[in-house]
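What the coordinates show
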Protein chains: 4
Amino acid sequence: MSLVDIPVEDTFGGEPVAGASDLRAALHSRYHATRQLSIALSEPLAPEEYRIQSMPDVSPPWWNLGHTTWFFAKNILEPRTSYRLPGRLEYALNSYYETHGDRVPRHQRGLLSSPTTPEVLELRRDVDQRMSDLIADTDDDGWADLDFLVTTGIQHEQQHQELMVTEIKHILSVNAPGACRTYREGVLPTTSPSPLSWHAVSGGLRHFGSDDRSWCWDNEQPRHQAYNHDFEISSRLVTTAEYLEFIEDGGYEDPLLWLANGWAIGCERSWSSPLYWSQDRRTEFTLRGERELDPCAPIQHVSYYEADAYATWRSRTDAAYEGCRLPTEREWEQAASELGFAPETGNLLESEHFNSVAAPPDSQPFAQAAGDLWEWTSSHYEPYPGYRPFEGDLMEYNGKFMDNQRVLRGGSCATPRSHIRSTYRNFWPADTRFQFSGIRLARSI
Amino acid sequence: MSLVDIPVEDTFGGEPVAGASDLRAALHSRYHATRQLSIALSEPLAPEEYRIQSMPDVSPPWWNLGHTTWFFAKNILEPRTSYRLPGRLEYALNSYYETHGDRVPRHQRGLLSSPTTPEVLELRRDVDQRMSDLIADTDDDGWADLDFLVTTGIQHEQQHQELMVTEIKHILSVNAPGACRTYREGVLPTTSPSPLSWHAVSGGLRHFGSDDRSWCWDNEQPRHQAYNHDFEISSRLVTTAEYLEFIEDGGYEDPLLWLANGWAIGCERSWSSPLYWSQDRRTEFTLRGERELDPCAPIQHVSYYEADAYATWRSRTDAAYEGCRLPTEREWEQAASELGFAPETGNLLESEHFNSVAAPPDSQPFAQAAGDLWEWTSSHYEPYPGYRPFEGDLMEYNGKFMDNQRVLRGGSCATPRSHIRSTYRNFWPADTRFQFSGIRLARSI
Amino acid sequence: MSLVDIPVEDTFGGEPVAGASDLRAALHSRYHATRQLSIALSEPLAPEEYRIQSMPDVSPPWWNLGHTTWFFAKNILEPRTSYRLPGRLEYALNSYYETHGDRVPRHQRGLLSSPTTPEVLELRRDVDQRMSDLIADTDDDGWADLDFLVTTGIQHEQQHQELMVTEIKHILSVNAPGACRTYREGVLPTTSPSPLSWHAVSGGLRHFGSDDRSWCWDNEQPRHQAYNHDFEISSRLVTTAEYLEFIEDGGYEDPLLWLANGWAIGCERSWSSPLYWSQDRRTEFTLRGERELDPCAPIQHVSYYEADAYATWRSRTDAAYEGCRLPTEREWEQAASELGFAPETGNLLESEHFNSVAAPPDSQPFAQAAGDLWEWTSSHYEPYPGYRPFEGDLMEYNGKFMDNQRVLRGGSCATPRSHIRSTYRNFWPADTRFQFSGIRLARSI
Amino acid sequence: MSLVDIPVEDTFGGEPVAGASDLRAALHSRYHATRQLSIALSEPLAPEEYRIQSMPDVSPPWWNLGHTTWFFAKNILEPRTSYRLPGRLEYALNSYYETHGDRVPRHQRGLLSSPTTPEVLELRRDVDQRMSDLIADTDDDGWADLDFLVTTGIQHEQQHQELMVTEIKHILSVNAPGACRTYREGVLPTTSPSPLSWHAVSGGLRHFGSDDRSWCWDNEQPRHQAYNHDFEISSRLVTTAEYLEFIEDGGYEDPLLWLANGWAIGCERSWSSPLYWSQDRRTEFTLRGERELDPCAPIQHVSYYEADAYATWRSRTDAAYEGCRLPTEREWEQAASELGFAPETGNLLESEHFNSVAAPPDSQPFAQAAGDLWEWTSSHYEPYPGYRPFEGDLMEYNGKFMDNQRVLRGGSCATPRSHIRSTYRNFWPADTRFQFSGIRLARSI
């Protein structure tokens, strides 16, 4: 099954679906389209590839398929129906919910052979049927709650769809030289991007966060005021060619360009280029196989530390970039609000590129903001003023991770189109490189 | 020598000193008073105690005495005079300055037997004499630079004075049960504090950071606008008695109260009480020896994770505290600005308590803000908008550490009085417990 | 396919095979019977279970199937035919042969998804066909060499058959409680064994090692003289009931019973019973599923350290055992030579128990010597006097591992019957528990 | 105080001392001469150097001075007098005796500042006085026990004298380049040694171990028969010049020369020469300061793995050495017995070289056997047949370490002359390099 076989429009959340007779049909349709997409994303895999945990941060694909199902079973079916997930599956499929008891340690998911992949797929079918029944049978009193929870489960599964794509890339990459399989065939579009330019944004008191009354994550709320100073933001992402200049100028060897933690980690792990590059810096591993570096494509798979060091280096060595740095998350959000943020035309999951691609010369002012690569911001992940976690078991979803991570904005080529918003806050530790992450520059005026 | 033998007023920075005939005499006086205080702080130590690195984060006292001297030698004497520090001392006494070349790894300072303690003291005397000469000989053209650098060196040494006190506490604590020496004799004052109350602070656009034209750290600048929401702040620090309620209610066993990183670290290190407590939770090790817990004294030696978990627990279990949390650093700074911040009456280094003490019942509204304990804020350590590091070699001083640390405010019982300001930003990783750190609460209105 | 479908007699080495028209047919038959047995052993596995590396010491079953094939390809086919193993398979399937170049680190075999299991099986079929052709086509000049190498390859594959069984046990054991699959169905025989008795063996100069002119490992040679003192050896293995007395008497809590390394490792890993036991000490995981402990069956899955501590404890607390200890490997070999060693009646792989079973009351004097469990000897693994490694690439087979390991003797319920000899020297680090290892006692007279 | 100030003859054990009026005076004299020697060995140290634990295997000198005193206090004074060691000293000074309760973890001895060095010296004086009294006051009934225990304590202290010397070398070596202090001044003798030759030794049944009725370690007993095959042993130790040939031929880069464990450890620790060598392989750090390599002096500070790899390389590349290897411990002991073993002329502690020195051309057949360097044998450290540990608390002295160590024979330039015997069994893990260890070759005939 190709992704185009799935009624993509049905995966958009929040809005009425053409032809759906009522809300139940719309939710039903969104639920099943989402569930179908997860299956479609894993279908190119060999049975072996479903089981690999190529590093502690990566989960085996079977686990993503199972855990997303566990989410519906534990949070929706169990409290509302007589369904009970078998204990052995609770142990295997719980991620980090302390309220749901003992679970396999995260770094040992790849040691489990039970449940088997067919068992996971069977569990999905069973839960899907029960979810269909529940959606059909819930009366108006229970609807608001159900709608919220199913939508949350859909958004949760979309996060794991993105994870599956990035993790599959890592899983396929760890084989013998020359033995790395290709996830998709075909070549990627390229073109020469316009020179990077700067767009001025006026500071002042602004509103940030989401006031979406249908649904958003708790970490996007409450909508609140904060103050931005005047700043400029770059018209597109930093390209591979531009990043190569940093490498060739000794960027990976100069500690004065780096945050202290980044320098220590880079030394320890012998970083000398982004993740997935060959030793000779000519090719990189992609989900379309080993390929020549595209100098025009946004540099991808860089950690926060590399992004920050690049900005520092560029700021010090290039007069046209004096004072450049990474944007704060509120600068980024204001830029998206004022310069435009267009997921419908972005390089997101549904474009099936599974890679960043060069921005066309006639791009919009804030090009590549939606999709291509998550953009590191300089903001640590903290609660917004007045933040309140989701209630009940979902309380553990976001709040407890607000520590020593950096916020990324904008979505990537692995993000489902209906999942991203300009207020969306992604977050990863600063040394993370296996996500589709890139570099947007800003500077104070 | 007791601390009271040192002309304490001379250690205040920035202002003309009574009786000093000119700026040179004033700087000379501040320089030597500071240098003398470092010696006085180490004098109670046995020769053995000068050499111990009781954990990787702790430096042996000889090293603090030597490194602060290295700072003057490398940054002031070498560029201005023919003096050259011997290479073996550069290796041993450089902390983290990449521009100054190879150095002993931080966690191996305790392995060095060279330089000996007498050699370090001799180095201090030599450098002090040369600094006296240089201050006397510098003409008006070079004065501004010299004044800035000497003041920076003094402030740097004051930071290490605080470190020496906290590190000596750790060094003395690791001996056999019953064999831990006492740094100072005598008992500490105590009294029953007033019940904790809340002071409302009105939000809005405010200015933050320092505009001190004489001297401040680069991380306090530039002075800039930001927006605070309305909030309340607690009238005093959380006491030991209050924290014991958290422990007795199972606070250390409930993962739902903790940040995920904090829970993992607490499990790994078997945390069940603050640092330095005995197993039976009746006594704690202090610089005045093992003593009964003082229920009225502010709870000390807690990590950020413990401070945050305490606030979460209190918020959920005590209606009078609903919504309580740690303050942001800008909330803290505004409270200090509006409610008062009085180092001259605070429990700082010169009070020679070397421990937090109970707030008197008739305290000012923002009691214990200056001194007693550093107060964890919820803010990660980030550059202010428009931040520029110091120039030259001092560029490495602050900026490269702005990653995965939390800001603390207000100074502690180990902070020299002339070192603290309401804009002062201290920072430590969230798992740090050996600093004099405590808990201030806030809440949104 | 069940193991009984394989002509077991054909897996015996060294002797002419009934009905074989000549040596070529005999070798052909032994080769294919061995290869068939490996497939039969893995056939009960689910596709997932072929890929799991449940700890660094365990290889995934696909790897054992592939590596044994690599052995024939690299050591026999490549030097004699135009066949060349693809480089990506060399990387994945080489174990530890430095002469064969880069290879996947041992602890990362479980991260590979390439080659897939079907690719490994296809490789086996291809190599088997080529081996058939080579055996048929080799003329008399090349026969001796070929016969030696094919026999070595068969013995190598038999070692991996034993490894596969022990590793499959570990792989199946790491799933969620209650989710561990059963490798074989059915119950195991049990009976009450006779009381343990002692058989005296007279010391003196004796010959040790193998003079087998057909084939043996290099570490069994040369046959040589050495001196044994008079000793006694126990009539059977230590039972589970006897070992439980050690546990119940606090054996795991008394450091004075343990070698220092064993005590440190046991504390670090929280050992309180043999591997695979439940917390309540009532059941153990076996290849026939979770089952009640059989008090009559030999205690299994103990490390050298546990075996040694048991002997020390028994020696000190039980007058009937005063002076008991583990035997040296030469005591064991002399006992086997004089008291009898009978693989044909032992509990070996072909009995399909896959577990130790109780010795019948009317056992031979040196009961359970062949099969059931490998018996820890007190001898470190060292070369025999005059030892010479195999020539050429096989030089790396044994010699480089003669360091900090202990010798085990006698074979186990996972050892192919035609693989074991009384001179056979198995070896494992003293902390190994996942092998089928047990306790034989001896004492000096 | 120089070592020559100590009546060296008095440190010989076992025999009546000239001029001593009775056994009590002799024991008294040996006791105090030994105790005085420990002090003399530490006297060149600066106060700082007494406290350093430069790696986990090294104890600070104060600890050696204290622990040897603890031995007399716990094993002799406490059971016989009213003396009781303070608990805090028990904690600090116990090494590994489980029967004596909690103790500072071995790798944390360097973290203690209590007891101070003066306190340790005061403890020594106090215990020495009490020991004098006890020796004088013990009547004939108690004499045999006392004599055994005091002699054991003396031998124990001699082991720690050797440790102190080797540990002081390591402690002094870890300072900044150019800052390593010299323990002794002056140059070392050198001369061109004779070419290495081989001495044939006839095999057969021989006796090994000690039958000394006065005193020896439990691990040297019982005297027992074992069988040696015919062998040859080299006339002297391998020299630095000979070892340099191994290095220059790529010995550290060829895995086929190494035991698998040795290769892994060498890679992990980046071994490319013996310990203490400079990067350019021209100088080495010695207790007489940094000095040019002496090509004639025995190669020192090599691990077992390096010694074994050297022998393998030499055997394969030099026809005159074909079949050479390290000797077994029983080959070594027979060679010493038949070719001569002469501590009185050896380079031992009392020669005050503190370094290996070249063998004079006219050396005895088994030159350098006593002193210079401990000689690695290929024998793992195992109990002799019929081994019984010392009784009581001393049971823990040797037996529990008989696991994964290699035996060394002959003593070194840091071994007190009265401490060494031809039956003496030293033992260290195979990766140990900070001991004075070297290479003797043997080969089978």
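Note that this is a predicted model, so its numbers are computed, not measured. (Residues numbered from 1 in each chain as written. Chains lettered and ligands numbered in written order. Predicted model: local features only at pLDDT ≥ 70, side-chain atom pairs only at ≥ 80, totals over all residues. Heavy atoms only, no water.)

Here we come to helix 4 (residues 117-137) of chain D. Residue and element names in this part refer to chain D. Counted at 1.5 Å a residue, the expected span for helix 4 with its 21 residues is 30 Å, and the 30 Å between its end C-alpha atoms agrees. All of the buried residues in helix 4 are Thr 117, Val 120, Leu 123, Arg 124, Val 127, Asp 128, Met 131, Ser 132, Leu 134 and Ile 135. The secondary structure elements touched by the buried residues of helix 4 are helix 1 (23-42), helix 2 (61-80), helix 3 (87-93) and helix 5 (140-173). (Helix = DSSP H or I, 4+ residues; strand = E, 2+ residues; numbered from the N terminus. Expected span 1.5 Å × (residues − 1). Buried < 20%, exposed > 50% of the residue type's maximum accessible area, 1.4 Å probe, protein only. Contact = heavy atoms within 4.5 Å.)

When chain B is fitted onto chain A, the two copies agree to an RMSD of 0.0 Å after a turn of 180° and an axial shift of 0.0 Å. In the structure described here, the two chain copies are related by an operation that fits a two-fold rotation axis. Taking the C-alpha atom as reference, chain B places Asn 404 of chain B closest to the rotation axis, 2.3 Å from it. (Least-squares fit on C-alpha atoms with pLDDT ≥ 70 in both.)

Right, let's talk about the sheet that holds strand 7 (residues 374-380) of chain C for a bit. Residue and element names in this part refer to chain C. If you trace the four strands from one edge of the open sheet to the other, you get 9-8-7-10, paired in mixed fashion. Taken across any chain shown, the strands that pair with only one partner, and hence form the sheet edges, are strand 9 (426-428) and strand 10 (437-438). Strand direction decides the pairing type here: strand 7 and strand 8 (residues 406-409), joined by three bridges, are antiparallel. Bridge pairing in strand 8 places Trp 376 opposite Leu 408. Contacts from helix 9 (residues 329-339) reach strand 7 and strand 8 within the one sheet, and its direction differs from that of strand 7 by about 135°. (Pairing = 2+ DSSP bridges. Axes fitted to C-alpha atoms, helices over the stretch in contact; angles between N-to-C directions.)

Moving on to the confidence of the model for chain A. Residues and elements named next belong to chain A. Of the residues in chain A, 95% reach a pLDDT of 70 or more, and the chain-wide mean stands at 93. Taken together, the stretch residues 7-20 has pLDDT below 50 and engages in 21 contacts with residues farther than four places along the chain or on a different chain. Across the whole predicted complex the pTM is 0.94, and at the interface the ipTM reaches 0.94. (pLDDT = per-residue confidence, 0-100.)

Residues and elements named next belong to chain A. As summarised here, the arrangement of the three strands in space is 1-4-11, forming an open sheet in which the pairing is antiparallel. A strand with exactly one partner marks an edge of an open sheet, and here the two such strands are strand 1 (198-201) and strand 11 (442-444). On average, each strand axis in the sheet is inclined to that of its neighbour by 25°, with strand direction left out of account. Here strand 4 (residues 231-234) pairs with strand 11 via three bridges, running antiparallel. If you follow Ile 233 over to strand 11, its bridge partner there is Ala 442. Across the sheet, helix 9 (residues 329-339) is in contact with strand 1, strand 4 and strand 11; its angle to strand 4 comes to roughly 75°.

To continue, consider the interface of chain B and chain A. Between chain B and chain A, the residue contacts involve 36 residues of the former and 36 residues of the latter. Roughly 2600 Å² is buried in total at the junction of chain B and chain A, and carbon and sulfur atoms are behind 54% of that figure. Connecting chain B to chain A are 18 residue pairs in polar contact (both at pLDDT 80 or more). At the level of secondary structure, the elements contributing two or more residues to the side of chain B that touches chain A comprise strand 3 (224-228), helix 7 (260-268), helix 8 (304-317) and strand 7 (374-380) of chain B. It is strand 3 of chain B that contributes the most residues to the side of chain B that touches chain A, four residues altogether. Split into classes, the residues belonging to the side of chain B that touches chain A amount to 16 nonpolar, 13 polar and seven charged. (Buried area = accessible area lost by both parts, 1.4 Å probe. Polar contact = N/O pair within 3.5 Å; in protein donor to acceptor, adjacent residues only side chain to side chain. Nonpolar A, V, L, I, M, F, W, Y, C, P; charged D, E, K, R; others polar.)

This brings us to the domain arrangement of chain A. Residue and element names in this part refer to chain A. By domain assignment, chain A separates into domain 1 (3-173) and domain 2 (198-444). Between the C-alpha centres of domain 1 and domain 2 the distance comes to 27 Å. With 37 residues of domain 1 at the contact, the number on the domain 2 side is 34 residues. With both chains or domains summed, domain 1 and domain 2 bury close to 3200 Å², and 65% of this area falls on carbon and sulfur atoms. Area buried by domain 1 at its contact with domain 2 is led by Tyr 96, Glu 162 and Lys 169, which between them contribute 23% of it. At the boundary of domain 1 with domain 2, the tally comes to zero salt bridges. At the junction of domain 1 and domain 2, the tally comes to 17 residue pairs in polar contact (both at pLDDT 80 or more). Going through the elements one at a time, helix 1 (23-42), helix 2 (61-80) and helix 5 (140-173) are the ones with two or more residues in the side of domain 1 that touches domain 2. Ranked by the residues each element gives to the side of domain 1 that touches domain 2, the list is headed by helix 5, at 19 residues. Looking at side-chain class alone, the side of domain 1 that touches domain 2 contains 17 nonpolar, 15 polar and five charged residues. (Domains from an automatic or database assignment. Salt bridge = Lys/Arg side-chain N within 4 Å of Asp/Glu carboxyl O.)

All right, on to the packing of helix 1 of chain A against helix 4 (residues 117-137) of chain A then. Residue and element names in this part refer to chain A. Following both chains from N to C, one finds helix 1 and helix 4 inclined at 170°, their axes separated by 10 Å at the closest point. One finds that helix 1 runs roughly antiparallel with respect to helix 4. From helix 1, Arg 24, Leu 27, His 28, Tyr 31, His 32, Arg 35, Ser 38 and Ile 39 reach across to helix 4, where they touch Leu 121, Arg 124, Val 127, Asp 128, Met 131, Ser 132, Ile 135 and Ala 136. Class assignment for the residues of the contact of helix 1 with helix 4 results in eight nonpolar, four polar and four charged. (Parallel < 35°, antiparallel > 145°, perpendicular 65-115°, else oblique.)

Along the chain, Thr 34 of chain D turns up in helix 1. A polar atom in the side chain of Thr 34 of chain D sits 2.7 Å from the backbone oxygen of Arg 30 of chain D.

Relative to the helices and strands, Gln 53 of chain C is located in the loop between helix 1 (23-42) and helix 2 (61-80). For the pair Gln 53 of chain C and Pro 343 of chain C, spaced 290 residues apart in the sequence, the C-alpha separation amounts to 31 Å. The contact partners of Gln 53 of chain C, leaving out residues within four places of it in the chain, are Leu 111 of chain A together with Val 58, Pro 60, Arg 106, His 107, Gln 108, Arg 109 and Gly 110 of chain C. At a separation of 2.9 Å, a polar atom in the side chain of Gln 53 of chain C contacts the main-chain carbonyl oxygen of Arg 106 of chain C.

Attention shifts here to the pattern of salt bridges. When charged atoms on two side chains of opposite charge get close, those side chains can pair. Inspection of the entire model under this criterion finds 112 salt bridges over all chains. Between Arg 88 of chain B and Glu 119 of chain B there is a salt bridge, with its nearest N and O atoms 4.0 Å apart. On the criterion of sequence distance, the pair formed by Arg 88 of chain B in helix 3 (residues 87-93) and Glu 119 of chain B in helix 4 (residues 117-137) is long-range, its members being 31 residues apart. For Glu 157 of chain B, the salt bridge identified is with Arg 124 of chain B, shortest N-O distance 2.8 Å. Taken together, the residues span a long stretch of sequence, with Glu 157 of chain B in helix 5 (residues 140-173) and Arg 124 of chain B in helix 4 at a distance of 33 residues. Here Glu 157 of chain B and Arg 124 of chain B have matching classes, each one buried. Three or more residues are tied together by salt bridges with common partners; here these are Arg 35, Arg 124, Asp 128 and Glu 157 of chain A.

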